[in-house]
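Observations on the three-dimensional arrangement
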Amino acid sequence: MKKISNICCIGAGYVGGPTMSVIAHKCPDVKVTVVDINQKRIDLWNHENPDKLPVYEPGLSEIVFNSRGKNLFFSTDVDKAIDEADMIFISVNTPTKTYGKGKGQAADLKFIELCARNIARVATNDKIVVEKSTLPVRTAEAIKSILHNTGNNVRFEILSNPEFLAEGTAIEDLLHADRVLIGGDDTPSGQEAKNLLSAVYENWLPKERILQTNVWSSELSKLVANAFLAQRVSSINSISALCERTEANIAEVSRAIGHDSRIGAKFLNASVGFGGSCFQKDILNLVYIAKSFGLNEVADYWEQVIIMNDYQKTRFADNIISTMFNTVSGKKIVFYGWAFKKDTNDTRESAAIYVANLLLEEQANIVVYDPQVGEEQIYSDLDYLGTRSEEENRKLLKVTTDYMEATKDAHAIAILTEWDEFKTYDWNQIHDNMLKPAFVFDGRRMLDKAKMQEMGFDYYKIGES
Ligand code: UDX
Ligand code: ADP
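Residue positions are given per chain, counted from 1 along the sequence in the order it is written. Whichever chain is written first is A, and whichever ligand is written first is 1; the rest continue in order. Only residues with pLDDT of 70 or above have their local features reported here, since the model is predicted, and side-chain atom pairs are shown and tallied only from 80 upward, although totals for entire chains, interfaces and linings are computed over all residues. The side-chain figures draw on all heavy atoms in the structure; neither hydrogens nor water molecules are used.

1. Let's talk about the site of ligand 1
- Near ligand 1, the surroundings consist of 20 residues, among which F164, E167, S271, K341 and R444 are the closest.
- Polar contact is the term for a pair of N or O atoms within 3.5 Å; when the atoms are in protein, one must be able to donate a hydrogen and the other to accept it, and sequence-neighboring residues count only if both atoms are side-chain atoms. With respect to ligand 1, the backbone of E163 contributes an N or O atom lying 3.1 Å from an oxygen atom.
- By the criteria applied, helices consist of DSSP H or I runs no shorter than four residues and strands consist of E runs no shorter than two, each listed in order from the N terminus. In terms of residue count, helix α9 (residues 215-245) provides more of the shell around ligand 1 than any other element does, four residues in total.
- Of the residues that constitute the shell around ligand 1, the class distribution is eleven nonpolar, four polar and five charged. By convention in this text, a residue qualifies as near a molecule or strand provided that one of its non-hydrogen atoms is within 4 Å of it. Charged means Asp, Glu, Lys or Arg here, nonpolar means Ala, Val, Leu, Ile, Met, Phe, Trp, Tyr, Cys or Pro, and polar covers whatever is left, Gly included.

2. Thoughts on a nonpolar patch on the surface
- Excluding any residue in a salt bridge, patches collect residues exceeding 30% relative accessible area, merging like charges within 9 Å and nonpolar Val, Leu, Ile, Met, Phe, Trp and Tyr side chains within 5 Å. Using a 1.4 Å probe, accessible areas were evaluated by the Shrake-Rupley method; residue-level cover was limited to the displayed protein chains. A side-chain nitrogen of Lys or Arg and a carboxyl oxygen of Asp or Glu constitute a salt bridge if their distance falls within 4 Å. Nonpolar side chains collect at one region of the surface, where F293, L295 and V298 lie side by side and expose about 300 Å² of accessible area between them.
- When you line up the elements, F293 lands in the loop between α11 (279-292) and α12 (296-323).

3. Details of the site of ligand 2
- What surrounds ligand 2 is a group of 15 residues, the closest being Y14, V15, D36, R41 and R348.
- Between ligand 2 and the protein, one listed contact pairs an oxygen atom with a backbone N or O atom of Y14 at 3.1 Å.
- Take R348: an N or O atom from its side chain is 2.7 Å from an oxygen atom of ligand 2.
- Contact with the protein chains removes 88% of the 580 Å² of surface that ligand 2 exposes when unbound.
- Residues that form the shell around ligand 2 fall into these classes: seven nonpolar, five polar and three charged.

4. A word on the sheet that holds strand β14 (residues 458-461)
- The six strands are arranged β11-β10-β9-β12-β13-β14 in an open sheet whose pairing can be described as parallel. Of all the strands in the sheet, just β11 (397-400) and β14 have a single pairing partner and so form its edges. Neighbour to neighbour, the strand axes of the sheet diverge by 20° on average, direction disregarded.
- As paired elements, strand β12 (residues 412-415) and strand β13 (residues 439-442) share four bridges and run parallel to each other. For two strands to be treated as a pair, DSSP must find no fewer than two bridges joining them. Axis definition: a line fitted to C-alpha atoms, limited for helices to the stretch in contact. Angles are taken between N-to-C directions and run from 0 to 180 degrees.

5. Some points on the packing of α9 against helix α10 (residues 250-258)
- At a closest axis distance of 9 Å, the pairing of α9 and α10 adopts a crossing angle of 135°. Taken together, the axes of α9 and α10 lie oblique to each other. The interaxial crossing formed by α9 with α10 has right-handed handedness. Residues I236, I239, S240 and C243 of α9 pack against I250, V253, S254 and I257 of α10.
- Each residue belonging to the contact of α9 with α10 can be placed in one class, and the counts come to six nonpolar, two polar and no charged. With respect to orientation, any angle under 35 degrees is reported as roughly parallel, any angle over 145 as roughly antiparallel, any angle of 65 to 115 as roughly perpendicular, and every other angle as oblique. In this scheme, a crossing is called left-handed if the near helix is turned counterclockwise away from the far one by less than a right angle; it is called right-handed if the turn is clockwise. In what follows, residue pairs with any heavy atoms lying within 4.5 Å of each other are defined as contacts.

6. A word on the environment of P162
- Turning to its location among the elements, P162 is positioned in the loop between β6 (156-160) and α7 (170-175).
- With 200 residues separating them in the primary sequence, P162 and E362 have C-alpha atoms 41 Å apart.
- Among all residues touching P162, those that are not within four sequence positions of it are E131, K132, L181, S218 and K222.

7. Thoughts on the layout of surface pockets
- Cavity means a closed set of points on a 1 Å grid over the protein atoms alone, one where a 1.4 Å probe fits but cannot get out, pocket means an open set with protein on both sides within 12 Å along at least 5 of 7 lines, and lining means a residue has an atom within 4 Å of a point. Grid points are joined across faces, edges and corners, and a volume is the space filled by probe spheres set on the points. The volume enclosed by the second largest pocket comes to roughly 220 Å³.
- What lines the second largest pocket is simply A106, A107, L109, P136, V137, R138, N285, Y288, I289, S292 and F293.
- Considering only residue class, the lining of the second largest pocket consists of eight nonpolar, two polar and one charged.

8. Focus: the pattern of salt bridges
- The full count for this structure, using the stated rule, is 22 salt bridges.
- Of the charged contacts, one joins E163 and K132 as a salt bridge, the two residues approaching to 2.9 Å between their closest N and O atoms. With E163 in the loop between β6 and α7 and K132 in the loop between β5 (127-131) and α6 (139-150), the pair connects residues that are 31 residues apart, well separated along the chain.
- The cut-offs for exposure are 20% and 50% of the maximum accessible area for each residue type, with area from a 1.4 Å probe on protein chains only; residues under the lower value are buried, those over the upper are exposed, and the others partly exposed. For K132, a relative accessible area of 3% puts it in the buried group.

This is the structure:
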């Protein structure tokens, strides 16, 4: 094989969609087909209205509309795309297992396995199979075994190419990646496959940023990168609790330690807790893997990052309850934000879900406003927890598209996502709308404390006494 000319990606989600759109955009000679079994999702990727794409990311719709129909295609015909491709990316979801051995920790690989079996069944010529989903170490081994034992005598080369994009900045991250990791065998055919994938990225990234490793280093590095990032957030959040009890201010502490070039300034924003599809899942995987090798101290060490994150979410909800005179029953609390961070419509593991759940247990009436997340998703997130009936969730929690109307007669506002637009609101008007005392609980440290207090709010900011 000299050059890759036809790429297929199985899974049109938050990773597959943006990544393949950028590859198509930067490699006009390569035909890129993104397939998914979810017809509704594919229809949305093919929608003529840019606001309807299933993934919200700044800059994504422009790139999709530039390449779609030329060298970028979205389809549900998985078999046809596999058959035609030289290189197949697997980008399906790997959620934490909800059953059986490893329940609550290990990744559920059933979607990956189904993909591998599908590829083995359909392929009639040699293929490079690239795992893009976050996977616990040694998954490539499982994929390899399925492909080699059930394939039609076709040669498969398996690569690991974990995705490091962060949601909300996916397009920027893909276009200007710090590094691309390609793991593969050191055999001549493995080396050739690594070089072919590297050549795809070299269309827009300098070669020095493309790191080649063995498969297991590549898989493990993805988990470790996320564990380190999440650890920074949990570390600063642990200190935010201490700041709230003392005269220290978390912003000042973050700035002071971030100026140490060995520590660095990034990922030191105290918050209501990290969310997203990766951090928790990847750490739990690391914990599970460490335990399975009998490394209990290693497992406990990383598990503490999750424990601290759970504590931060609970602490935020508890503070709302205790500040509002120990009862929120029947009180209207407006949630600004539901997504796990700004500039995405993804809500997986969002802190908002858990904070809402705790307040609903106390019979609060919640009204949610999020600029990109709709009612269906919000109810589905809550129902998934199974804490109360679906009927009860709909009775206690409402979703609105009018952020101002929502504040009429509200007892409190809780900021759960750092959407920029929250800063631009007419907070004087909001104060007029609310019952007094008007409480604001800022889980994202977005607003100016002095100004909010001047307007008459009872304002609480994570990490300040
Ligand atoms: C993360 C990794 O950054 C990315 O490299 C990997 O590919 C996938 O996982 P993502 O989950 O999309 O990306 O977003 P990220 O920006 O890392 O934020 C994760 C969570 O941490 C969010 O809930 C965010 O609000 C929170 N966070 C982040 C903080 O609370 N404080 C910070 O300082 C940084
Ligand atoms: P991620 O954030 O990792 O991209 P998502 O859940 O957003 O995860 O996307 C994964 C996508 O993979 C979903 O749209 C799902 O329908 C799709 N998928 C899962 N299993 C298969 C499969 N066997 N064949 C095709 N698509 C699949």
